[in-house]
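One letter stands for each residue in the lines below.
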Amino acid sequence: MTARTMFDLTGSTALVTGAGRGIGRAIAIGLAAAGASVVLHGRDLCTLDAAETEVRQAGTGQPVLRWAVDLAHPERIPGAVAHLPAIDILVNNAGIIRRAPVAAHTFDAWREVLTVNLDSVFQLSRAVGVGMVERGRGKIISIASLLSFQGGVNVPGYAASKHAVTGLTRALANEWSASGVQVNAIAPGYIATDNTRALREDPTREAEIRQRIPAERWGRPEDLVGAAVFLASPASDYVCGQVLVVDGGWMSR
Ligand code: NAI
């Protein structure tokens, strides 16, 4: 295998959740540029117009599909997956964050975050992963977080959900690695997206965060693409149950 074929996704079909904006959109574009056909997921099909245009431009004419399901209702996922083509690469990217100290962090907010960030990842990995196991090949990549390792500030539900995503990643890898399905996660650092808008609009927090990052800048969604293509490609066929941190050095500080 050459360096080029090692990262070639031609002939694969990737499903990226939350592909309409932010990290999901950048990863969808990156996977298309590496040759994959991409299924863009969103809560509503109409949120995917711009992403679909960019994904088509990045690719070389391979199909681009859209698929809608509200991940706040993970019980709907198995039925919705039945309408998808065979998926070779699943990127569990969609996620939400609710910011409040514990005393003000309602149980509803906790449940909302755990449902979208964890329950839907379990449901989707299971619904798509079983087909991968039957076909003897597949890649599942979940987007974890630095808060898979740290407690964070005012985000107890989010931190709990992202710790759990890494546990689920390892559990699935233990079970499915022998079937040719690699299950891994990417832990992004602080990336400039809607998810971190409140932090970047608070001048004190923005400066605190930026100054702690050895790379001395916030991450961009495109910074995650290399890791995603690696974990989606034959280059990572013996990488199982890992959490790849892409954070400008935050965790090493
Ligand atoms: P974002 O807020 O721009 O994107 C989140 C995506 O998830 C959107 O496309 C949104 O429509 C989708 N989504 C949310 N709830 C949904 C639902 N109920 N049904 C269907 N889709 C839903 O934020 P970003 O940063 O692009 O987030 C992507 C992932 O990266 C998330 O899992 C987030 O937790 C994670 N992450 C982000 C970091 C950052 O600094 N931005 C750092 C670490 C992890």
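Use the structure listed above.
Residues numbered from 1 in each chain as written. Predicted model: local features only at pLDDT ≥ 70, side-chain atom pairs only at ≥ 80, totals over all residues. Heavy atoms only, no water.

K.L.:
Can you walk me through the overall build of the chain in this structure?
P.N.:
Of the regular secondary structure elements, the chain holds nine helices and seven strands. Scaling as 2.2 N^0.38, a compact globule of 253 residues should have a C-alpha radius of gyration of about 18 Å, and the chain matches this with 17 Å. C-alpha atoms of the chain, sized along the principal axes, occupy 45 × 40 × 35 Å. Buried positions account for 51% of the 253 residues belonging to the chain. Considering only contacts within the chain whose residues lie at least 6 apart along the sequence, 74% involve residues at least 24 apart. By element, 54% of the accessible surface of the chain is carried by carbon and sulfur atoms, the whole surface being about 11500 Å². (Helix = DSSP H or I, 4+ residues; strand = E, 2+ residues; numbered from the N terminus. Rg over C-alpha atoms; globule rule 2.2 N^0.38 Å. Buried < 20%, exposed > 50% of the residue type's maximum accessible area, 1.4 Å probe, protein only. Contact = heavy atoms within 4.5 Å. Areas by Shrake-Rupley, 256 points an atom, 1.4 Å probe, with all protein chains shown as cover.)

K.L.:
Could you clarify how one ought to interpret helix H3 (residues 49-58) in this entry?
P.N.:
Residues spaced three or four apart along an α-helix face the same direction, because each turn holds 3.6 residues. When H3 is considered as a whole, its buried residues turn out to be Ala51, Glu52 and Val55. Each buried residue of H3 lies within a common arc of 100 degrees when the element is viewed along its axis, so the set occupies one face. (Arc of directions from axis to C-beta.)

K.L.:
I tried to follow the site of the ligand on my own but got confused; where do I start?
P.N.:
By nearness alone, 28 residues border the ligand, and Asp70, Asn93, Tyr158, Ile191 and Thr193 come closest of all. Take asparagine 93: an N or O atom from its main chain is 2.7 Å from an oxygen atom of the ligand. Look at the ligand: alone it shows 820 Å² of surface, and the protein chains cover 95% of it. At the level of elements, helix H2 (22-33) and helix H6 (156-176) are the ones that each hand at least two residues to the shell around the ligand. Of the residues assigned to the shell around the ligand, the class counts are 13 nonpolar, 10 polar and five charged. (Near = heavy atom within 4 Å. Polar contact = N/O pair within 3.5 Å; in protein donor to acceptor, adjacent residues only side chain to side chain. Nonpolar A, V, L, I, M, F, W, Y, C, P; charged D, E, K, R; others polar.)

K.L.:
Could you clarify how one ought to interpret the pairing of strand E4 (residues 89-92) in this entry?
P.N.:
Successive side chains on a regular strand alternate, one facing one side of the sheet and the next facing the other. Neither face of E4 is left uncovered, since the one carrying Ile89 and Val91 and the one carrying Leu90 and Asn92 both have all their residues buried. Relative to E4, strand E1 (residues 13-16) runs parallel, the two being bridged by three bridges. Looking at E4, one finds that leucine 15 is bridged to leucine 90. Each parallel crossover has a hand, and for E4 linked through helix H5 (residues 107-135) to strand E5 (residues 138-143) it is right-handed. (Pairing = 2+ DSSP bridges. Right-handed = clockwise from strand over helix to strand, strands pointing away.)

K.L.:
Hey, could you run me through the environment of alanine 228 in this one?
P.N.:
Relative to the assigned elements, alanine 228 resides in helix H9 (residues 225-232). Dropping the residues within four chain positions of it, alanine 228 is found in contact with Ile27, Leu31, Ile141 and Ile186.

K.L.:
Is there a simple way to think about the packing of H2 against H3 in this case?
P.N.:
The axes of two packed helices give the description: the angle between them and the distance between them. At a closest axis distance of 8 Å, the pairing of H2 and H3 adopts a crossing angle of 25 degrees. By the angle between their directions, the pair H2 and H3 is classed as roughly parallel. When the axes of H2 and H3 are compared, the crossing they make is right-handed. Two secondary-structure elements touch here, H2 through Arg25, Ala28, Ile29, Ala32 and Ala33 and H3 through Ala50, Ala51, Glu54, Val55 and Ala58. Of the residues belonging to the contact of H2 with H3, the class tally is eight nonpolar, no polar and two charged. (Axes fitted to C-alpha atoms, helices over the stretch in contact; angles between N-to-C directions. Parallel < 35°, antiparallel > 145°, perpendicular 65-115°, else oblique. Left-handed = near helix turned anticlockwise from the far one by under 90°.)

K.L.:
What is the right way to look at the packing of aromatic side chains in this model?
P.N.:
Given two aromatic rings, one states the distance between the centres and the angle between the planes to describe the pair. Scanning all chains against the criterion turns up two aromatic pairs. Taking the centre distance of 5.8 Å and the plane angle of 85 degrees together, the rings of tyrosine 190 and tryptophan 218 count as edge-to-face. With a gap of 28 residues between them, tyrosine 190 in the loop between strand E6 (181-188) and helix H7 (197-200) and tryptophan 218 in the loop between helix H8 (203-212) and H9 connect regions that are remote in the sequence. Here the aromatic rings of tyrosine 190 and tryptophan 250 are separated by 4.7 Å at their centres, their planes lie at 45 degrees, and the arrangement is tilted. Here tyrosine 190 is found in the loop between E6 and H7, whereas its partner tryptophan 250 is found in the segment after strand E7 (243-246), with 60 residues between them in sequence. When sorted by exposure, tyrosine 190 lands in the same class as tryptophan 250, which is buried. Members of the aromatic cluster, each reached through a chain of ring pairs, are Tyr190, Trp218 and Trp250. (Phe/Tyr/Trp six-rings, centres within 6.5 Å; stacked < 30°, edge-to-face > 60°.)

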